[in-house]
Amino acid sequence: MSEERLAFGAGLRVGSSVTRGEWSEPAAAVPTVQAAPGDERAFTLLLLFTAVLFLRPQDILPPLELLHLAELTAVCGLVALVVGRLARRQPITRMTPEFAAVLAFGAVILATAPFSLWTGGSIAVFTDLYAKVILIYLLAVNAIASPKRLERLTWVLILVVGYVGFRAMLDYVRGVNLVGNGTRVQGSVGGIMQNPNDLALNMVAFVPLAVLFASEGRTLARRLIGGVCALGMVGAIVASGSRGGSLGLAAMLVVLGIFQLRRRPGVVIAAVLALMCALPVLPAGYWRRIASITDHSKDDFGSAEARETLMHESLQAYLENPVVGVGAGEFKDWNNDKREQAWHESHNVWLQVGAELGSVGLAVFLFMVARAFVAVYQTRRLLRGRGQRGAAPPQMRPEDVAWIDEHSAAMAASLTGWLVCAFFASVAYNWTFYYLLALAATPRDMLRAAMPVPARARRATRPARLTLARGREAQA
């Protein structure tokens, strides 16, 4: 299965130029690492888990709830991965800075649980949700081992999220599945995309990847489907009436436009003109809700003022419990006899983590988010050969490297959109960010693994040679 190899025979000639597009056939085939059957099964089960997680078929067919499809696919995938790695006498998992941060965040949840308002509730956040995040991230960081697999996972995410987005847009047009006196649509499935604000956040996070397939799909069918999914996601953001989602969409589009302007200026200009033509036809209720960001008199439900109050209360909870917080998932239970907005979440990811997990949890979460952006930067740096002086370029097929290049640009926009939306949502323990983290970090790891061994050896032995030379100088 050549498409599942970690490194490919066609790539850059060692010592050649590292600028994009200057490719040539290598003088000799580069050693490759074949994907083991266990890894392939584990990756297939990861795809199935992803589809079940976002589509939630048990919401449509309740008897499926008894099968626990998400748990079943996750466990089978992990078993296949572990058995395969142990059979090859490999460690159970690769350890990366991002995975270490994911583990550390889980450790903080458990370490602060004894000091929480409700120990059992905080432990339940870990056992019922975050422990699954850790296990699936472990599966992802080991199973996404080639550009082909990265593309397949991205494609599955676009299909499932695009379906939910397109369904939400149709529901809004039909006047069904609405909340807020019939002005906002909610997700057609439960879980992480039912709430209108969470629906918008997920759409914003995955629109750039849909645009990637619409512009860079390997077939016409994929380009058409990617375009339809992108339109459905944008339509769902508008139909949700989410102010945070609209701000995230704007920030995401700016970053995506910046990356695309140099490569496709005509496409960017056409997209801007199309957007300007579409603005006047948006629902009047949407514009009234957007205007309420700065003019609270146009907020028909008082939610903007309520969120400001929640932010002040979240900050107060953090200031009163700066070390261990009030416990994972427990801000809604904090000081309810004195709060104006009792029994509500923080609606700000940073205040959520600070109030619930204290300063250590906030520092770890900040590190995770920063590492996602750093991973994108490192990927693009490796693609342009500026990572280490004298390092040989990655040995991959030109089309795979070009696709990773486009993917990293889309990930920069996705992470920016998620970050802006997260300022208005309590999503620290939700799945979306951790999928984005895996999609941002694994391309960098592929490029590093595809570096020719002699180049890595030179880079590793350089400090030793320098130390030896300094020792000889000292003896002289």
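Residues numbered from 1 in each chain as written. Predicted model: local features only at pLDDT ≥ 70, side-chain atom pairs only at ≥ 80, totals over all residues. Heavy atoms only, no water.

Trainee: Just checking my understanding: could you explain the overall build of the protein chain for this structure?
Mentor: Along the backbone of the protein chain there are 16 helices and 2 strands. Sorting the 476 residues of the protein chain into buried and exposed places 49% on the buried side. If you take every contact in the protein chain between residues at least 6 apart in sequence, the share linking residues at least 24 apart comes to 77%. Of the roughly 21,600 Å² of accessible surface on the protein chain, a fraction of 65% belongs to carbon and sulfur atoms. (Helix = DSSP H or I, 4+ residues; strand = E, 2+ residues; numbered from the N terminus. Buried < 20%, exposed > 50% of the residue type's maximum accessible area, 1.4 Å probe, protein only. Contact = heavy atoms within 4.5 Å. Areas by Shrake-Rupley, 256 points an atom, 1.4 Å probe, with all protein chains shown as cover.)

Trainee: Is there a simple way to explain the packing of aromatic side chains in this structure?
Mentor: Both the distance between ring centres and the angle between the ring planes are used here to describe each pair of aromatic rings. All chains considered together, the criterion is met by 18 aromatic pairs. Pairwise contacts between aromatic rings join Phe105, Tyr130, Trp350, Phe365, Trp418, Phe423, Tyr429, Phe433 and Tyr434 into one cluster. The aromatic ring of Trp155 is capped on one face by Arg222, whose charged end is 4.7 Å from the ring centroid. Stacked on the ring of Phe331, the Lys or Arg Arg339 has its end atom at 4.2 Å from the ring centre. (Phe/Tyr/Trp six-rings, centres within 6.5 Å; stacked < 30°, edge-to-face > 60°. Lys NZ or Arg CZ within 6 Å of the ring centre and 35° of its normal.)

Trainee: When you look at the pattern of salt bridges in this model, what are you seeing that I'm missing?
Mentor: Where charged atoms from two side chains of opposite charge come close, those side chains can pair. Counting across every chain of the model gives 21 salt bridges. Notably, a salt bridge pairs Arg263 with Asp405, separated by 3.2 Å at the nearest N-O pair. You can see Arg263 sitting in the loop between α9 (243-261) and α10 (265-278) and its partner Asp405 sitting in helix α14 (residues 398-422), a full 142 residues away along the chain. For Arg263, a relative accessible area of 27% corresponds to the partly exposed category. Residue Asp405 is classed as buried on the basis of its relative accessible area, which comes to 2%. We note a salt bridge from Glu406 to Arg263, for which the minimum N-O separation is 3.1 Å. (Salt bridge = Lys/Arg side-chain N within 4 Å of Asp/Glu carboxyl O.)

Trainee: When you look at the packing of helix α6 (residues 147-174) against helix α8 (residues 220-240) in this model, what are you seeing that I'm missing?
Mentor: What describes two packed helices is the angle between their axes and the distance between those same axes. Put simply, α6 and α8 touch, their axes get as near as 7 Å, and they point 45 degrees apart. Judged by the angle between their axes, α6 and α8 are oblique. Where α6 crosses over α8, the two elements pack in a sense that is left-handed. Touching Glu151, Trp155, Ile158, Leu159, Val161, Gly162, Gly165, Phe166, Ala168, Met169 and Tyr172 of α6 are Arg222, Ile225, Val228, Cys229, Leu231, Gly232, Met233, Gly235, Ala236 and Ala239, all from α8. Of the residues assigned to the contact of α6 with α8, the class counts are 15 nonpolar, 4 polar and 2 charged. (Axes fitted to C-alpha atoms, helices over the stretch in contact; angles between N-to-C directions. Parallel < 35°, antiparallel > 145°, perpendicular 65-115°, else oblique. Left-handed = near helix turned anticlockwise from the far one by under 90°. Nonpolar A, V, L, I, M, F, W, Y, C, P; charged D, E, K, R; others polar.)

Trainee: Sorry if this is basic, but what is going on with the nonpolar core here?
Mentor: One broad rule of soluble globular proteins: the nonpolar side chains tend to lie buried together. Counting residues in hydrophobic clusters, the biggest one holds 111 residues, and the most contacted among them are Phe54, Phe105, Tyr130, Phe206 and Phe365. Residues contacting Tyr130, with those up to four places away along its chain left out, are Val102, Phe105, Gly106, Ile109, Val125, Met368 and Tyr434. Counting residues in hydrophobic clusters, the runner-up holds 6 residues, among them Leu310, Ala317, Val326 and Phe331. (Core = buried A, V, L, I, M, F, W, Y, C linked by side-chain atoms within 4.5 Å.)

Trainee: Just to check I follow, could you spell out helix α12 (residues 303-320) for this structure?
Mentor: For an α-helix the count is 3.6 residues per turn, leaving residues at separations of three or four pointing the same way. Between its terminal C-alpha atoms α12 stretches 25 Å, which fits the 26 Å expected from 18 residues at 1.5 Å a residue. Taken residue by residue, α12 has Ser303, Ala304, Ala306, Arg307, Thr309, Leu310, Glu313, Ser314 and Ala317 as its buried positions. (Expected span 1.5 Å × (residues − 1).)

Trainee: Explanation requested: empty space enclosed by the protein in the structure shown.
Mentor: Rolled over the atoms, a probe as big as a water molecule pinpoints where empty space is left. In total, this model carries 5 cavities of 30 Å³ or more according to the counting rule given. Of the volumes computed, that of the second largest cavity is approximately 70 Å³. Around the second largest cavity sit Val133, Ile136, Tyr137, Ala140, Leu153, Trp431, Tyr434, Tyr435 and Ala438, which together line it. Elements that contribute at least two residues to the lining of the second largest cavity include exactly α5 (119-143) and α15 (431-449). Across the lining of the second largest cavity, the residue classes break down as 9 nonpolar, no polar and no charged. (1 Å grid on protein atoms, 1.4 Å probe; cavity = no way out; pocket = protein on both sides within 12 Å on 5 of 7 lines; lining within 4 Å. Points joined across faces, edges and corners; volume = space filled by probe spheres on them.)

Trainee: What is the right way to read α5 from this model?
Mentor: Look at α5: 34 Å from first C-alpha to last across 25 residues, which is about the 36 Å you get at 1.5 Å a residue. Maximal helix bending in α5 amounts to about 40 degrees, located at Tyr130. (Bend = angle between axes of the 7 residues up to and from the residue.)

Trainee: Just to check I follow, could you spell out the confidence of the model for the protein chain for this structure?
Mentor: Close inspection of predicted coordinates is inappropriate in any region flagged by low pLDDT. Put simply, the protein chain has an average pLDDT of 84, and 85% of its residues get 70 or more. Per-element mean pLDDT across the protein chain ranges from 49 in helix α16 (residues 453-475) up to 97 in helix α4 (residues 97-112). Overall, residues 1-35 carries pLDDT values under 50, and its contacts beyond four positions in sequence, including any with other chains, amount to 74 contacts. Below a pLDDT of 50 lies the segment residues 386-394, which in the model reaches 22 contacts outside its immediate sequence neighbourhood of four places, other chains included. (pLDDT = per-residue confidence, 0-100.)

Trainee: Quick question: what am I supposed to make of the layout of surface pockets here?
Mentor: Taken as a whole, the largest pocket holds about 1,200 Å³ of empty space. Along the wall of the largest pocket there are 37 residues; nearest its centre are Val234, Leu249, Leu253, Ala271 and Leu275. Going through the elements one at a time, α7 (196-216), α8, α9, α10 and α11 (284-291) are the ones with two or more residues in the lining of the largest pocket. Per-element tally for the lining of the largest pocket: the top contributor is α9, with 10 residues.

Trainee: What should I look at first to understand the environment of Ala70 in this one?
Mentor: Relative to the helices and strands, Ala70 resides in helix α3 (residues 69-87). Expressed as a C-alpha distance, the spacing of Ala70 and Ala51, which sit 19 residues apart in the sequence, is 8.9 Å. Discounting chain neighbours no more than four positions away, the residues touching Ala70 are Phe49 and Val52.

Trainee: Got a minute to help me understand unusual backbone geometry in this structure?
Mentor: One can expect most non-glycine residues to show negative phi and most peptide bonds to be in trans. Within the chain, His68 stands out as a residue other than glycine whose phi angle is a positive 50 degrees. Within the secondary structure, His68 is located in the loop between α2 (57-60) and α3. Given the relative accessible area of 45%, His68 is considered partly exposed. A positive phi is found at His347, a non-glycine position, where the angle reads about 60 degrees.

Trainee: I would appreciate a short explanation of the environment of Ala113 in the present structure.
Mentor: Its place among the elements puts Ala113 in the loop between α4 and α5. Along the backbone, Ala113 and Leu357 are 244 residues apart, and their C-alpha atoms lie at a distance of 8.9 Å. Apart from the residues within four sequence positions on either side, Ala113 is in contact with Thr119, Ser122 and Ile123.

Trainee: Honestly, the side chain of Gln378 in this entry has me stumped. Any pointers?
Mentor: The topology assignment puts Gln378 in helix α13 (residues 349-383). In this structure Gln378 comes out as buried when scored by relative accessible area, which is 18%. A distance of 2.9 Å separates polar atoms of two side chains, one belonging to Gln378 and the other to Arg444. Leaving out residues up to four positions away in the same chain, Gln378 has contacts with Arg371, Arg444 and Arg448. (Polar contact = N/O pair within 3.5 Å; in protein donor to acceptor, adjacent residues only side chain to side chain.)

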